[in-house]
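Architecture at a glance
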Amino acid sequence: RIHQGGGSATIAPLDLTDGDSIARLATAVRERWDALDILVLNAAMLGSLMPVAQIDGKEFGKVLTLNVLAQQTMIAAFDPLLRKSEAGRVLGITSSVSEEPRAYWGAYSASKAALDALVLSYADEVKNISNVRAALVNPGATATLMRALAFPGEDQSTIKQPADVANAVVELLKQDFETGYRLEVTR
């Protein structure tokens, strides 16, 4: 669609749980462009929904690695390019369970609360020394594969579609929002 619309895009598949992959991506981007305008931290995994006392440590480690550690590595790798932008933007995609944990969602909730803390800390760190702004986006109930895993049998046509969230993100990026802003996407 990007090419059909007259734009250009490069696909760079990588394992976000491998910090070296992120470093190689940042190097490749730095070699191609002088600055980075937008970084969206959207990669995440749900993990198994179960009581906190029964969380499998190995799986919890994977959830934290992708949902938190990889996101911090992305911020660290791309921070220099974001600071070179006239209006660098970092958006962390979060969840309502980061602020309102629910039974059986402990691992995912903890990872999203940690992501929120990282993004908001970064937002505070850069607000007076650069043009970079960071915000959290809570897409709410959205028809995704992750949602289907969490709520099997739910009719996904009754909840917002990913395109609705994408449109809200584009509208946010058009604004000069304050760093640390939180967007709750409603229909």
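Residues numbered from 1 in each chain as written. Predicted model: local features only at pLDDT ≥ 70, side-chain atom pairs only at ≥ 80, totals over all residues. Heavy atoms only, no water.

1. What to know about the packing of aromatic side chains
The following threshold applies: Within 6.5 Å between ring centres, the rings of Phe, Tyr and Trp (the latter by its six-membered ring) count as paired, and their orientation is classed by plane angle as stacked under 30 degrees, edge-to-face over 60, tilted in between. For the exposure calls, accessible area comes from a 1.4 Å probe over protein chains only, and a residue counts as buried if that area is under 20% of its type's maximum, exposed if over 50%, partly exposed in between.
If you walk through the whole model with that rule in mind, you get 3 aromatic pairs. Judged by centre distance (6.0 Å) and plane angle (65°), the ring pair of W105 and Y108 falls under edge-to-face. Owing to a relative accessible area of 10%, W105 belongs among the buried residues under this scheme. With relative accessibility at 8%, the residue Y108 sits in the buried group. Residues F177 and Y181 carry aromatic rings whose centres are separated by 6.3 Å and whose planes lie at 35° to one another, so their mutual orientation is tilted.

2. Focus on the sheet that holds strand β3 (residues 133-138)
By definition, the strands of a sheet pair up through backbone hydrogen bonds, in either a parallel or an antiparallel sense. For clarity, the threshold we go by: Strands are treated as partners if at least two bridges between them are detected by DSSP. Working definition: helices are DSSP H or I runs of at least four residues, strands are E runs of at least two. Numbering for both runs from the N terminus. In this description, a line fitted to the C-alpha atoms serves as the axis of each element, helices being fitted only across the stretch in contact, and the angle between N-to-C directions of two axes falls anywhere from 0 to 180 degrees.
Within the open sheet, the 4 strands sit side by side as β1-β2-β3-β4. Their pairing is parallel. With partners counted over all chains shown, the strands left at the sheet margins are β1 (38-41) and β4 (181-184), one partner each. Sheet twist, expressed as the mean angle between neighbouring strand axes with direction ignored, is 20°. The pairing of β3 with β4 spans 4 bridges and is classified as parallel.

3. Section: helix α3 (residues 106-126)
The criterion, for reference: To estimate how far a helix should reach, multiply one less than its number of residues by 1.5 Å. Any pair of residues with heavy atoms lying within 4.5 Å of one another is described as a contacting pair.
Taking 1.5 Å per residue, 21 residues should reach 30 Å; α3 reaches 30 Å between its end C-alpha atoms and fits that length. Within the span of α3, buried status applies to A107, Y108, S109, S111, K112, L115, D116, V119, Y122, A123 and V126. Looking at the buried side of α3, the elements it contacts are β1, α2 (57-84), β2 (89-93), β3, α4 (145-150) and β4.

4. Observations regarding the environment of L16
Among the secondary structure elements, L16 is positioned in the segment before α1 (19-32). The class for L16 is partly exposed, based on a relative accessible area of 21%. With 49 residues separating them in the primary sequence, L16 and T65 have C-alpha atoms 8.8 Å apart.

5. Topic: α1
Convention followed: By arc we mean the arc of the directions from the helix axis to the C-beta atoms, nothing more. Here a polar contact is recorded for every N or O atom pair within 3.5 Å, except that within protein the pair must consist of a potential hydrogen donor and a potential acceptor, and residues adjacent in sequence are included only if both atoms are side-chain atoms.
Under the 1.5 Å per step criterion, the end-to-end length of α1 is 20 Å for 14 residues, consistent within 8% with the ideal 20 Å. Three or more residues of α1 are buried, namely S21, I22, A26 and V29. Projected onto a plane normal to the axis of α1, the buried residues spread over an arc of 135° and lie on a single side. Along α1, exposed side chains directed more than 90 degrees from the buried face belong to D20, R24 and E31. Buried residues along α1 sit in contact with α2. One side-chain oxygen at the N-terminal end of α1 lies 3.1 Å from the backbone nitrogen of D20; it belongs to D18.

6. With respect to the pattern of salt bridges
When charged atoms on two side chains of opposite charge get close, those side chains can pair. Applied cut-off: Just to be clear on terms, a salt bridge is a Lys or Arg side-chain nitrogen sitting within 4 Å of an Asp or Glu carboxyl oxygen.
Per the stated rule, a full pass over the model turns up 8 salt bridges. Of the charged contacts in the structure, one is a salt bridge between D176 and R89, with a shortest N-O distance of 3.3 Å. Here the residue D176 occupies a position in the loop between α5 (162-174) and β4, and R89 occupies one in strand β2, the gap between them amounting to 87 residues. Taking the relative accessible area as the measure of exposure, D176 reaches 63% and is therefore exposed. Measuring nitrogen to oxygen at the nearest pair gives 3.1 Å for the salt bridge that ties E171 to K174. Of this pair, E171 and K174 both sit in helix α5, 3 residues apart, which is roughly one turn of the helix. Residue class for E171 comes out partly exposed when judged on its relative accessible area of 42%. Accessibility expressed as a relative area gives 61% for K174, which makes it exposed. A cluster of three or more residues bridged by salt bridges with shared partners is formed by E99, D116 and R182.

Scope: geometric values only; no functional claims are made or implied.
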